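# Analysis of the macromolecular model
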Amino acid sequence: MKDVNLERLLEVGIGGEGDSIHSKYNRKLERQLALEEEMHSGGIDRYNRDLNKAIEKNQQAGTKYGVKLLQGGIEKFSQFIENQCNTITVGQRATAISIMEPYKEEKDFFDIVSYITLRTILDGITMRNLANQIATKIASGVEDELRLREFERQAKPLFNKIMQQLEKKNSYRHKRRVLVHCMSKFDIQWTPWNTSKKAKLGVWLLICCETCTGLINTVNRKLGKNQTPKYVEATKATLDWIEKVNSKEEILSPLYWPTIIQPRKWKGVYNGGYWNTVIKQLPLIKTRNTNLLEEYNNRTDEMASMYQAVNHIQDTPWRINKNLYNLLKEIKEKGLSIGKLPPMEPLEEPISPVPDKDATEWLANPVNKERFIHFKREKERIKTYNVRTQSKRIAVSKVLYLASKFLEEPDIYFPHQLDFRGRAYPISMFLNPQGVEYARALLEFSDGKRMGDSPNSGKWLAIHTANVYGMDKLSITEREQWTKDNSDIICEVAKDPWSSVSFWEAADKPMLFMAAAFEWASYMEKGDNHITHLPVSVDGTCNGLQIFSLLLRDEVGGYATNLIPSDEPQDIYNIVAEKTKEVLEKETSNEPLHKKKFPMPLKDVAKKWLEIGINRKITKRPVMVVPYSGTLYACRQYVEDYLTELEDDNKHQPFGSDKFHPSQYLAKIIWEQINTTVIKAREAMDWLQHMSRLAASENIPVVWRTPIGFEVQQKYQKPKNTRVETNIGGKITKLSFAEETHVLNRRRQATGVAPNYIHSMDSASMMLTVNKCYSKGIKDFCMIHDSYGTHATNVEDLSISLREVFVEIFEENWLEKFRDDICQLLSEKNKKKVKPIPEFGKLQINEILKSKYFFA
C-alpha cells in the first residue's frame with residue numbers, strides 16, 4: 001500500500017475512482033487530510049468559529065474553547081486594551097493605539113487582538129524568543145486581521161460574496177489567503193506596515209500583556225560582557241496555566257505534525273510535504289526570497305538528485321517506541337529529574353534566614369552576614385536555573401503530547417524542508433528524528449528487519465549500544481565487547497528500568513541507551529529471529545574539521561579526525577584537552593605565560609582548573625564550532641556554561657559567582673591549542689572569508705554550487721535599526737528592531753561563509769549517501785547532518801556507501817570551483833586581489849575507504 005499513487009487519489013477525489021481501487025488507503029488518505037485540517041484548526045481558526053457560534057447562542061463563556069482562553073486571562077486582557085485605547089490620547093502609547101483607532105468600535109475586535117497577542121506570547125515562551133521578535137510577530141498577526149477588515153470596509157459586497165463562497169471552508173488561514181489574493185486582484189488598497197509601525201504596536205501590546213495579566217515578565221539576560229538582550233519569560237502562573245487548564249491540547253500543539261501517510265513528494269520547490277491544500281503550503285527551501293525560489297523551481301532538472309534524497313528521507317515510515325513512551329510518561333508523572341530530563345517542577349527557592357524583626361542587628365553579626373550572602377547566591381542560582389529549565393519542561397510535555405497522539409499509528413512520516421545551505425530538516429517540531437535526545441529515542445522504524453538476515457547485525461547493535469552509553473572512544477572491538485560484558489545488566493534494566501536507575505542514568509545519552517537496551521534484550525531472547533526496528537547510527541568525528549581536512553588534503557587534521565586508518569580511534573577533543581592541561585601545569589610551576597592584568601592570581605586560577613579537571617567535555621564545544629567560524633568569545637561562553645553545568649549537577653566549582661574571568665583565562669588557552677591542532681582548517685576559513693569580503697565590497701552575494709547540484713546564495717543584508725520605547729504603569733521598555741536594507745552586511749557575509757560552506761558540503765554528502773544506499777535496497781534512513789542511521793542489518797552497507805561518496809566528492813577541488821564561481825561576479829580590479837587557495841597537504845583521499853573510525 002505504500003506505493004499507492006497518492007497524487008492520483010487526490011485527482012479522482014475521496015470516494016471517487018480511487019476509493020473503489022484502493023478503499024483502505026483512500027480512507028487513510030482521508031484521515032490524513034482531516035488530521036492536517038485539525039493541525040491548523042487551532043489558534044485563530046477555531047477561535048473565530050467557536051466564538052461566533054457562542055455569540056449567536058449567548059454562550060460564549062460556556063464553550064470549551066472559550067472557557068480555555070478565558071482561564072488564560074483573555075477577557076481581562078481584552079478589557080485592558082480597550083480601556084487603554086479609550087483613555088490614552090498623548091505620548092508614545094498613543095502612537096501605537098492610533099494604528100487600531102479605525103477599528104476599535106468593531107464587534108469582538110479587542111477579543112481578537114488580545115487572543116493574537118496571548119497566543120503569540122505563549123508560543124514565544126516555549127521557544128525562548130527575544131522580546132523584539134515576539135513584538136514583531138504580535139504586530140504581524142494584528143496586521144493580518146486589520147488588512148481583512150479593511151477589505152470589508154472598502155468593498156463590503158465583494159467581501160461578503162467571497163466570504164459566502166468560503167462559508168464551507170473551516171480554515172481561517174485559507175480564507176485569509178483567498179481574501180488577500182482578491183484584494184490584490186481587485187485593487188483594494190492596503191499599505192503594508194513598515195518595521196517602525198509594527199515595532200511600536202507590538203511593543204505596546206507586549207507590555208500591556210505583562211502589566212495586565214501577570215503571565216509574563218520582560219527581563220534582561222546577560223549573555224556577555226556587553227550584551228544584555230531582553231527576553232520574554234513566563235511567570236509561575238503561566239506555567240501552571242499551560243500544565244493545568246484544559247487548554248493544554250491547544251497550547252502544546254505545534255503548528256505542524258507528522259503525517260500518517262507518505263508525504264507528498266517534492267517535484268519542485270512548491271507543493272510537497274503536506275497534502276491538504278487548505279493549509280499553508282511551505283516551499284521546499286526556507287527563504288523569503290521569492291525570486292530565488294522561482295529560479296530554483298525553473299532548474300528542477302539540475303537538482304534531480306537532491307529531490308530524490310529528500311523524498312527518500314521523508315518516505316521513511318516511523319512509529320512510536322512504546323517502551324520508551326511508557327518510561328518517559330512514568331518519569332513525568334512521578335515528577336522526577338533523571339535521564340538528563342529537566343525537573344518537572346521548578347526548584348523551591350530557599351527561605352531568607354533574616355528575621356522579620358531586628359534585621360539590622362542580626363546582620364551586624366559577621367556569621368549571620370555570611371549566611372545571608374550565601375542565601376542570596378543560592379536563591380539567585382536556583383532562580384536562574386528555574387528560568388533556564390522552564391522551556392525544557394514545556395518541551396517535554398509537547399513531545400509526550402504528540403507521542404500520545406500518534407501512539408497507535410502503525411506508520412508516521414516526517415515531511416522535510418531545506419535551509420538555504422541545502423541542509424534537510426523535519427518540518428514537524430519537537431517530536432522528530434532530529435529532535436532532542438529523548439524525542440529521538442521515542443521514534444523507531446516502522447518496518448522491521450530480521451537480525452539473522454545480516455551476518456554483522458548483532459555486532460552493529462552492540463556497537464551502537466556502547467556508543468550511546470558513552471563508550472564511543474573505545475576501539476570497535478572494545479565497544480562490541482563492552483555491550484556483551486554488560487549484557488546481563490542491560491537486559492535487567494530493559495525488563496525493569498527502576499531496578500538499576502544509576503546504571504542507565506549514567507549513560508551519555510540515557511534515553512537513546514534505554515531504547516538500545518530494550519532492543520538488545522529482545523535480541524538476546526530471540527536471537528536471529530528478533531525483528532529490529534531501532535535506528536543504528538554511525539557518526540563523523542567533528543565532521544566540519546573532517547571536511548576542511550578533505551578540502552585541503554590536510555594529513556594533520558585528517559589524522560586527528562580519523563580520515564587516516566589507525567588501530568585506535570583518534571579524539572581531537574581529547575588531543576586539545578591534553579595540550580590545554582600541559583599549558584596549565586606549566587602555568588602553576590613557572591612564571592605564568594599569560595601576563596595580562598587579571599583580578600586574581602593566575603597560578604591560583606590554573607590550579608583550580610586542574611582541580612576541576614580538564615577533559616574532552618570542556619573542549620568539545622569550542623573545537624566543534626571552529627569550522628563554523630567559532631570565536632574566542634564563543635569559546636569563553638562555552639567554558640562558562642561548563643561551570644554552570646557543574647553547579648546544576650551540584651558539583652563543586654571553586655570560582656564562586658565570578659565565572660567570567662576564570663572562563664576567559666581558560667578559553668584563551670584552549671583557543672591557542674585548537675589553532676595549533678587544526679592549522680589548515682584555519683587557513684581555509686581565512687581564505688573563504690577573504691573571498692566573501694571581496695564580493696561584499698561590490699555588494700555581491702556569495703554564490704556557490706554544491707556536489708549535489710544545489711546552488712547556495714548567501715545574502716546577509718545590512719539592517720536598519722529602529723528603536724522603540726513605551727511606558728505603561730511607570731515602566732519604560734526599550735527595544736531595538738532591525739529592518740533589512742539592500743546593502744550587504746559585510747561583516748556577516750565574511751563570518752557566515754565558512755560555516756555555511758561546510759554545512760552545504762555536509763548536506764550534499766549526506767544526500768548523495770542516501771541515494772547510493774537507496775540504489776542498494778536500503779529504504780529506511782535516520783539522517784542528522786553528520787550522523788547517518790539505518791537498521792542494524794544495513795549499517796555495513798551504509799558505512800561502505802558513505803565512504804565511497806566522500807571519496808567521489810572530495811577527489812575534486814571544490815575550493816577551486818568556489819573561487820571560479822565568485823570570480824565570475826567580481827570586477828577586474830577585485831579579481832586581481834584574489835589570494836591563492838591555501839596549499840594542499842599530503843592526505844590521500846581514498847585512505848578513508850580503509851578508515852574504520854571515519855564514521856563509527
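Residues numbered from 1 in each chain as written. Predicted model: local features only at pLDDT ≥ 70, side-chain atom pairs only at ≥ 80, totals over all residues. Heavy atoms only, no water.

Let us now look at the overall build of the chain. Looking only at helices and strands, one finds 37 helices and 15 strands in the chain. Per-residue burial over the chain gives 56% buried out of 856 residues. For the chain, the share of sequence-separated contacts (at least 6 apart) that also reach a separation of at least 24 residues comes to 73%. Per element, the accessible surface of the chain, about 38,700 Å² overall, is 48% carbon and sulfur. (Helix = DSSP H or I, 4+ residues; strand = E, 2+ residues; numbered from the N terminus. Buried < 20%, exposed > 50% of the residue type's maximum accessible area, 1.4 Å probe, protein only. Contact = heavy atoms within 4.5 Å. Areas by Shrake-Rupley, 256 points an atom, 1.4 Å probe, with all protein chains shown as cover.)

Moving on, we come to the packing of aromatic side chains. On inspection of all chains with the given rule, the structure shows 26 aromatic pairs. An angle of 15° between the planes, with centres 5.9 Å apart, marks the rings of Phe 806 and Phe 810 as stacked. Note that Phe 806 and Phe 810 are positioned in helix α35 (residues 795-810) at a spacing of four residues, about one turn of the helix. Take Phe 806 and Phe 810: they sit in the same class, and that class is buried. Taken together, the ring pairs connect Tyr 788, Phe 806, Phe 810, Phe 854 and Phe 855 into an aromatic cluster. Over the aromatic face of Tyr 774 sits the side chain of Lys 779, whose NZ or CZ is 4.9 Å from the ring centroid. (Phe/Tyr/Trp six-rings, centres within 6.5 Å; stacked < 30°, edge-to-face > 60°. Lys NZ or Arg CZ within 6 Å of the ring centre and 35° of its normal.)

Alignment of strand β10 (residues 702-705) against strand β11 (residues 711-714), held across four bridges, turns out to be antiparallel. When the bridges of β11 are listed, Arg 705 appears paired with Glu 711. Joining the antiparallel neighbours β10 and β11 is a turn of five residues, in which Gly 709 adopts a positive phi near 95°. (Pairing = 2+ DSSP bridges.)

Moving on, we get to unusual backbone geometry. Its identity as a non-glycine residue notwithstanding, Lys 340 has a phi of 65°, on the positive side. Relative to the assigned elements, Lys 340 resides in the loop between α17 (322-333) and α18 (359-364). When its relative accessible area of 57% is taken as the criterion, Lys 340 is described as exposed. Of note in this structure, His 785 is not a glycine but carries a positive phi near 65°. On the secondary structure map, His 785 appears in the loop between β14 (782-783) and β15 (787-790).

Let us now look at the confidence of the model for the chain. For the chain, per-residue confidence averages 83 on the pLDDT scale, and 84% of positions sit at 70 or higher. For residues 8-21, every residue scores under 50 in pLDDT, and the model assigns this stretch 23 contacts once sequence neighbours within four places are set aside. In the predicted structure, residues 42-71 sits below a pLDDT of 50 and forms 54 contacts with residues beyond four places in sequence or in another chain. (pLDDT = per-residue confidence, 0-100.)

Another aspect to go through is the packing of helix α6 (residues 74-87) against helix α12 (residues 195-213). Where α6 contacts α12, the two axes come as close as 10 Å, and the packing angle between them is 120°. In terms of their interaxial angle, α6 and α12 are classed as oblique. Seen along the crossing, α6 lies across α12 with a hand that is right-handed. Contact residues: Lys 76, Phe 77, Phe 80, Ile 81, Gln 84 and Cys 85 in α6; Trp 204, Leu 205, Cys 208, Cys 209, Thr 211, Cys 212 and Thr 213 in α12. (Axes fitted to C-alpha atoms, helices over the stretch in contact; angles between N-to-C directions. Parallel < 35°, antiparallel > 145°, perpendicular 65-115°, else oblique. Left-handed = near helix turned anticlockwise from the far one by under 90°.)

To continue, consider the nonpolar core. Ranked by size, the top nonpolar core spans 178 residues in total, and within it Met 511, Phe 513, Leu 551, Trp 609, Phe 810 and Phe 818 carry the most contacts. The leading source of residues in this core is helix α25 (residues 510-526), at 11 residues. Beyond its immediate stretch of four places on either side in the chain, Met 511 contacts Leu 324, Leu 327, Leu 328, Ile 331, Ile 338, Gly 339, Leu 341, Glu 437, Tyr 438, Ala 441 and Trp 504. Counting 46 residues, the second-largest nonpolar core is a separate cluster that includes Ile 74, Ile 99, Met 183 and Cys 208. (Core = buried A, V, L, I, M, F, W, Y, C linked by side-chain atoms within 4.5 Å.)

This paragraph deals with the side chain of Ser 801. Within the secondary structure, Ser 801 is located in helix α35. Of the residues examined, Ser 801 reaches a relative accessible area of 0% and is grouped as buried. A distance of 2.8 Å separates a polar side-chain atom of Ser 801 from the backbone oxygen of Asp 797. In this view, Ser 801 contacts Lys 772, Cys 773 and Lys 776; residues no more than four positions away in its chain are not counted. (Polar contact = N/O pair within 3.5 Å; in protein donor to acceptor, adjacent residues only side chain to side chain.)

In this section: α17. Helix length check: α17, at 12 residues, gives a terminal C-alpha distance of 16 Å against a target of 16 Å (1.5 Å per residue), a fit within 8%. Listing the buried residues of α17 in full gives Leu 324, Tyr 325, Leu 327, Leu 328 and Ile 331. Along the axis of α17, the buried positions cluster into a sector of 165°, meaning they face one direction only. Elements that come into contact with the buried residues of α17 comprise β3 (318-320), α19 (366-405), α20 (437-441), α24 (501-505) and α25. Sitting at the head of α17, Asn 321 places a side-chain oxygen 3.2 Å from the backbone nitrogen of Asn 323. (Expected span 1.5 Å × (residues − 1). Arc of directions from axis to C-beta.)

Attention now goes to helix α32 (residues 660-677). Helix length check: α32 (18 residues) gives 26 Å between terminal C-alpha atoms against 26 Å at 1.5 Å per residue, within 8%. Regarding α32, the residues found buried are Phe 660, Pro 662, Ser 663, Tyr 665, Leu 666, Ala 667, Ile 669, Ile 670, Trp 671, Gln 673, Ile 674 and Thr 677.

Before going further, it helps to spend a moment on the sheet that holds β14. Pairing within the open sheet is antiparallel, and its three strands lie in the order β9-β15-β14. Looking at which strands have only one partner, the edges of the open sheet turn out to be β9 (536-539) and β14. In terms of strand pairing, β9 meets β15 through four bridges, oriented antiparallel. When the bridges of β15 are listed, Val 538 appears paired with Tyr 788.

Following both chains from N to C, one finds α17 and α19 inclined at 140°, their axes separated by 11 Å at the closest point. As judged from the angle between their axes, α17 and α19 are oblique. α17 and α19 meet at a crossing whose hand is left-handed. Taken together, the residues of α19 that come into contact with α17 (itself represented by Tyr 325, Leu 328, Lys 329 and Lys 332) are Val 396, Ser 397, Leu 400, Ala 403 and Ser 404. When its residues are assigned to classes, the contact of α17 with α19 shows five nonpolar, two polar and two charged. (Nonpolar A, V, L, I, M, F, W, Y, C, P; charged D, E, K, R; others polar.)

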